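Summary of structural features
The primary structure of each chain is shown beneath.
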Amino acid sequence: MMLSIKNIHANIDGKEILRGINLDIKAGEVHAIMGPNGSGKSTLASVLAGREEYEVTEGTVTFLNKNLLDLSIEDRAREGLFLAFQYPVEIPGVSTTNFIKAAVNEKRKYHGQEPLDALAFLKIMKEKMALVEIDQALLSRSINEGFSGGEKKRNEIFQMAMLEPKLAILDETDSGLDIDALRIVANGINKLRNENRAILLITHYQRLLDYIQPDYVHVLYNGRIVKSGSKDLALELEEKGYDFITDETEMTKSS
Amino acid sequence: MEKNTRSRIVAKGISAGKSQNSYRGLVRAAKGAINARNYSQCDSLLLGDKCGAHTFPYIEVKNKTAIVEHEATTSKIGEDQLFYCRQRGIDAEAAVALIVNGFAKEVMNQLPMEFAIEAQKLLAISMEGSVG
């Protein structure tokens, strides 16, 4: 079991957002989490990544047999947890190339490997650039500065390709993308699927799942996973809207 | 006096701990400086919330065709930027070093190589322990 979330409760500023999340993810699986706004989707991603504004009040998370909640933000990353941000931040003066080189070498150091020299690094970069259809010019600019929505998301997937995570959490990677950008980003993600890697796709809309077929779909509502199913569940949601789930949940509560 | 002269000033200041940094610069366009142009940029980076930066630009223009511009920015390293770096496996101290170097790059790039390397090392040592 790569990731095991048991009864996680989390709050921010005293307000409880996650109200008992249970989820198991095995290597090679793609899980999609959908849900209406405010359901806690991004909170779940932030809590797994270790964002300090969130307080976990109950529950455990095991990642690769380690207690994830005990690890620092950077150690979670070095262990192989990657978060593709919904709103990637700009860092003026720091190129993507320098940024990702620092990240790759920190991970290697953590695992007792020698840092990559410039030549070796460049070789790997070229390989991954082709995978995600991203060009050198973009990577030499200050990271995310002046990037279009599509460029920012492609840059996130490029970084994912370079860091080769065990678990990739993609937080609304499809938001703000037009059809072409969505296709390129989805292609990149699909090329990074393998039996050793697990992907947690957080998405609001069904359409990303046309490109990236999930093994499981879970619906998050009011801080809990209220329904799980196959990719057909996403199609059902698209057709009926979130109301059919929330109504079902309300009915179950009152019965 | 020459016509159409140009000049550019780029000043990068970094404050940490409880320090106060000041930029004080004079740009003077004399009576005969026809069509002179100057652009001055003064950027301050604040590390932590107990330090400050101050800018004192002095501008003396004695020719009405001269154009003198001054721009000042103040920034700090955002929590979101730090989180982004840490989520990629770069710890807070290394992240600050990366960002500070990026901030000062425009100036460092103008220095001769050997000096630039020393300056970068000195910057790293000066910042040791300033990330709380």
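Residues numbered from 1 in each chain as written. Chains lettered and ligands numbered in written order. Predicted model: local features only at pLDDT ≥ 70, side-chain atom pairs only at ≥ 80, totals over all residues.

A few words now on the overall build of chain A. Within chain A, the secondary structure is distributed over 10 helices and 12 strands. Compactness check: chain A gives a C-alpha radius of gyration of 18 Å against a globular reference of 18 Å for 255 residues, within 12% of the reference. Principal-axis analysis of the C-alpha atoms gives chain A an extent of 65 × 40 × 35 Å. Of all 255 residues assigned to chain A, the portion counted as buried reaches 40%. Once local pairs closer than 6 in sequence are excluded, the contacts in chain A between residues at least 24 apart make up 71%. (Helix = DSSP H or I, 4+ residues; strand = E, 2+ residues; numbered from the N terminus. Rg over C-alpha atoms; globule rule 2.2 N^0.38 Å. Buried ≥ 20, exposed ≤ 12 C-beta atoms within 10 Å, placed from the backbone. Contact = placed C-beta atoms within 7 Å.)

Before going further, it helps to examine the sheet that holds strand β1 (residues 3-12) of chain A. Backbone hydrogen bonds are what pair the strands of a sheet, in a parallel or an antiparallel way. Residues and elements named next belong to chain A. The strand order β2-β1-β4-β5 describes an open sheet built from four strands, whose pairing is antiparallel. In this open sheet, the two edge strands, each paired with only one partner strand, are β2 (15-25) and β5 (66-67). Here strand β4 (residues 54-63) runs beside β5; their pairing, made up of two bridges, is antiparallel. In the sheet register, Phe63 faces β5, and the bridge partner there is Lys66. (Pairing = 2+ DSSP bridges.)

What follows is about helix α1 (residues 41-49) of chain A. Residue and element names in this part refer to chain A. The buried fraction of α1 amounts to eight of the nine residues, a majority that puts the element mostly inside the structure. Listed in full, the buried residues belonging to α1 are Lys41, Thr43, Leu44, Ala45, Ser46, Val47, Leu48 and Ala49. Just beyond α1, the residue with positive phi is Gly50, at close to 100 degrees.

What follows deals with the sheet that holds strand β10 (residues 198-202) of chain A. Residue and element names in this part refer to chain A. Strands sit in the order β6-β9-β10-β3-β11-β12 across an open sheet of six strands; the sheet is mixed. Among the strands making up the open sheet, the edge pair consists of β6 (81-84) and β12 (224-229). For this sheet, the mean angle separating the axes of adjacent strands, direction not counted, is 20 degrees. Bridge count between strand β9 (residues 167-171) and β10: five bridges; the pairing is parallel. By the bridge assignment for β10, Ile169 is matched with Leu200. Across the sheet, α1 touches β3 (30-34), β6, β9, β10 and β11 (216-221), and the angle it forms with β9 is around 145 degrees. Against the sheet, helix α9 (residues 231-240) touches β3, β11 and β12, its axis set at about 45 degrees to β11. (Axes fitted to C-alpha atoms, helices over the stretch in contact; angles between N-to-C directions.)

What follows deals with the packing of helix α1 (residues 79-87) of chain B against helix α2 (residues 92-108) of chain B. All names here are of chain B. Remark: α1 packs on α2, axes separated minimally by 9 Å, with the N-to-C direction vectors making an angle of 115 degrees. In the packing of α1 onto α2, the handedness of the crossing is right-handed. Between α1, through Gln81, Leu82, Cys85 and Arg86, and α2, the contact on the second element is made entirely by Ala92, Ala95, Leu98 and Ile99. Residue composition of the contact of α1 with α2, by class: six nonpolar, one polar and one charged. (Left-handed = near helix turned anticlockwise from the far one by under 90°. Nonpolar A, V, L, I, M, F, W, Y, C, P; charged D, E, K, R; others polar.)

Residue and element names in this part refer to chain B. Domain parsing of chain B yields domain 1 (1-76) and domain 2 (77-132). Centre-to-centre separation of domain 1 and domain 2, based on C-alpha positions: 23 Å. Taken together, the contacts link nine residues of domain 1 with 11 residues of domain 2. Considering every element that reaches the side of domain 1 that touches domain 2, the biggest residue donor is strand β1 (residues 6-15), with three residues. Among the residues making up the side of domain 1 that touches domain 2, the classes are represented as five nonpolar, two polar and two charged. (Domains from an automatic or database assignment.)

Another aspect to go through is unusual backbone geometry. All names here are of chain A. For Asn7, which is not glycine, the phi torsion reads 50 degrees and is therefore positive. Looking at where Asn7 falls in the secondary structure, it is placed in strand β1. Overall, Asn7 belongs to the exposed group, with 12 C-beta atoms counted inside 10 Å. Positive phi values are uncommon outside glycine, yet Asn222 reaches one of about 55 degrees.

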